[in-house]
Amino acid sequence: MKKISAKTFNIIRIVILCAAAVALIYASYSLTDSYLGYKEDEAKYAEIDKMFEQGNANSNNGVDFSTKSKKWSWNYKAMRKYNDEAVGYIKLDNSRIQYPIVAHEDNKFYLTHGSDKVSNGAGSIFIDYRTAGLNADGCIIYGHNMLDGSMFADLMKYRKKKFARNHKVFDVYVGYRHYKYYVFSAFSTQKTNEGVYKFGFKTDADFTKWIADLKRRSTFKFKTGTPGVHDKVALLSTCVDDYGNRQLVAIYRGEEVVD
């Protein structure tokens, strides 16, 4: 067996070190780029949130000097000026979920564009174009599972019983109206599961059967009732991994809130 000369060995070592250095530089660049992207997204949605902040009318002389007295008040007209494809807003107290809901003519655009329609890896919270919107019997709402915990990443926390028990109510703004939506099921499935990802129902019986199937699949039991044939159901969906697994949280419309 021939021995490698010292010169050849040094050349190989230098090549390996150079390759490692290039890999490290690329990884550092990617991480920095991702971090800056996350911070940009965070700042963008904070600015959107400020669109709906109003001062406390009870402050001295009608002027509010305290940020603590700011009240969040939904303004659909302002949201539509920001994005004419906005259809509503979704909020979950004590979570990162607080975003506009948008809709496009396909399911590709908002995977890679923010709610301002600007190219963005975090995408947006958007409705499946094959459903008839938030006022349909059943609609599907998508959002990325971002590494920084933004967008629909908090849906993954519904795998924990304590979180699921303490986060049973969403605030969903549909057009100009504000509703409470109640969680009645949370589970994982494949994106190819046509029995779960349904787009329209031929009969009331089909709709009722779908609701029963969603509830049966739930990891935990929710004491929030079961939606009926005349209720509006929304299925919140996010990616678990790159193998087609999805985490879903099923919610249904309850009472309207007069703000």
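Along each chain, residues carry numbers from 1 onward, in the same order as the chain's sequence is written. Only residues with pLDDT of at least 70 are given local features in this predicted model, and only at 80 or more are side-chain atom pairs given and counted; all residues enter the totals for whole chains, interfaces and linings. The side-chain numbers reported here are obtained from all heavy atoms of the structure, hydrogens and water having been left aside.

> Lay out the overall build of the protein chain with the relevant residues and their values.
Helix and strand counts for the protein chain come out as 4 helices and 10 strands. Strands are runs of DSSP state E lasting at least 2 residues, helices are runs of H or I lasting at least 4, and numbering of each runs from the N terminus. Going from the N terminus to the C terminus, the protein chain shows its helices and strands as α-β-β-α-β-β-β-β-α-β-β-α-β-β. Only protein chains enter the accessibility calculation, which uses a 1.4 Å probe; a residue is then buried when its area is under 20% of its type maximum, exposed when over 50%, and partly exposed in between. Counting the 259 residues in the protein chain, one finds 42% classified as buried. Pairs at least 24 residues apart make up 58% of the contacts formed inside the protein chain by residues separated by at least 6 positions. With the model as given, the accessible surface of the protein chain reaches about 15400 Å², and the carbon-plus-sulfur share is 55%. A contact between two residues is defined here by any heavy atoms of the two lying within 4.5 Å. With residues, only the protein chains shown are counted as cover, and all accessible areas are computed by Shrake-Rupley using a 1.4 Å probe.

> I'd like a rundown of the packing of aromatic side chains, residues and numbers included.
Here is the rule: rings of Phe, Tyr and Trp (six-membered ring for Trp) pair when centre to centre is within 6.5 Å. Planes less than 30 degrees apart are stacked, more than 60 are edge-to-face, and the remainder are tilted. All told, the structure shown has 21 aromatic pairs when counted by the stated rule. With a centroid separation of 6.5 Å and 20° between ring planes, the pair formed by Tyr158 and Phe170 is classed as stacked. One end of the pair, Tyr158, is in the loop between strand S6 (138-142) and helix H3 (161-166); the other, Phe170, is in strand S7 (residues 169-174), and 12 residues separate them in sequence. Here Phe170 falls in the buried class, since its relative accessible area comes to 0%.

> I'd like to hear about the nonpolar core, residue by residue, with values.
Think of a nonpolar core as a cluster: buried Ala, Val, Leu, Ile, Met, Phe, Trp, Tyr and Cys residues, connected wherever their side-chain atoms sit within 4.5 Å. The biggest cluster of nonpolar side chains holds 61 residues, and the ones touching the most others in it are Ile90, Ile141, Tyr158, Phe170, Leu236, Val249 and Ile251. Here this core gets 7 residues from one element, more than from any other, and that element is strand S8 (residues 177-190). The contacts of Leu236, once residues within four sequence positions are left out, are Ile90, Ile141, Phe152, Leu155, Phe170, Gln247, Leu248, Val249 and Ile251.

> Residues and numbers for the sheet that holds S8, please.
At least two DSSP bridges between two strands are needed for those strands to be called paired. Taken in spatial order, the 8 strands line up as S3-S4-S5-S6-S9-S10-S8-S7 and close into a barrel, and their pairing is mixed. Pairs of neighbouring strands in the sheet enclose a mean axial angle of 30°, with direction left out of account. Here S7 runs beside S8; their pairing, made up of 6 bridges, is antiparallel. Opposite Asp171, over in S8, you have Lys180 as the bridge partner. Only C-alpha atoms enter the line fits that serve as axes; for helices the fit covers just the stretch in contact. Angles between N-to-C directions range over 0 to 180 degrees. Across the face of the sheet, helix H4 (residues 204-217) comes into contact with S6, S8, strand S9 (233-239) and strand S10 (245-257) while running at roughly 65° to S8.

> Describe unusual backbone geometry, naming the residues involved and giving the relevant values.
Notably, Asn94 is not glycine yet its phi reads approximately 55°, a positive angle. For Lys117, which is not glycine, the phi torsion reads 70° and is therefore positive. Along the chain, Lys117 turns up in the loop between strand S4 (98-103) and strand S5 (125-127). Of the residues examined, Lys117 reaches a relative accessible area of 34% and is grouped as partly exposed.

> Just give me the short version of the side chain of Lys44, but keep the residues and values in it.
As for its position among the elements, Lys44 is in helix H1 (residues 6-50). On the basis of relative accessibility, which here comes to 14%, the residue Lys44 falls in the buried class. Excluding residues within four positions of it along the chain, Lys44 makes contact with Tyr82, Asp116 and Asn120.

> Just give me the short version of the pairing of S8, but keep the residues and values in it.
Burial within S8 is extensive, with 10 of its 14 residues counted as buried. Between S7 and the antiparallel strand that follows it, S8, lie 2 residues; Gly175 among them carries a positive phi value of about 60°. Two strands pair when backbone bridges link them, and S8 and S10 are joined in this way by 11 bridges, in the antiparallel orientation. By the bridge assignment for S10, Thr189 is matched with Arg246.

> Describe the pattern of salt bridges, listing the residues and the values that go with them.
Whenever a carboxyl oxygen of Asp or Glu lies within 4 Å of a side-chain nitrogen of Lys or Arg, that contact is scored as a salt bridge. What the rule picks out here adds up to 11 salt bridges. The residue Arg130 makes a salt bridge to Asp128 at a minimum N-O spacing of 2.9 Å. Take Arg130: its relative accessible area is 43%, and that puts it in the partly exposed class. Given a relative accessible area of 1%, Asp128 falls into the buried group. Of the charged contacts in the structure, one is a salt bridge between Lys232 and Asp137, with a shortest N-O distance of 3.8 Å. Residue Lys232 is found in the loop between H4 and S9, and its partner Asp137 is found in the loop between S5 and S6; the two are separated by 95 residues along the sequence. Owing to a relative accessible area of 32%, Asp137 belongs among the partly exposed residues under this scheme.

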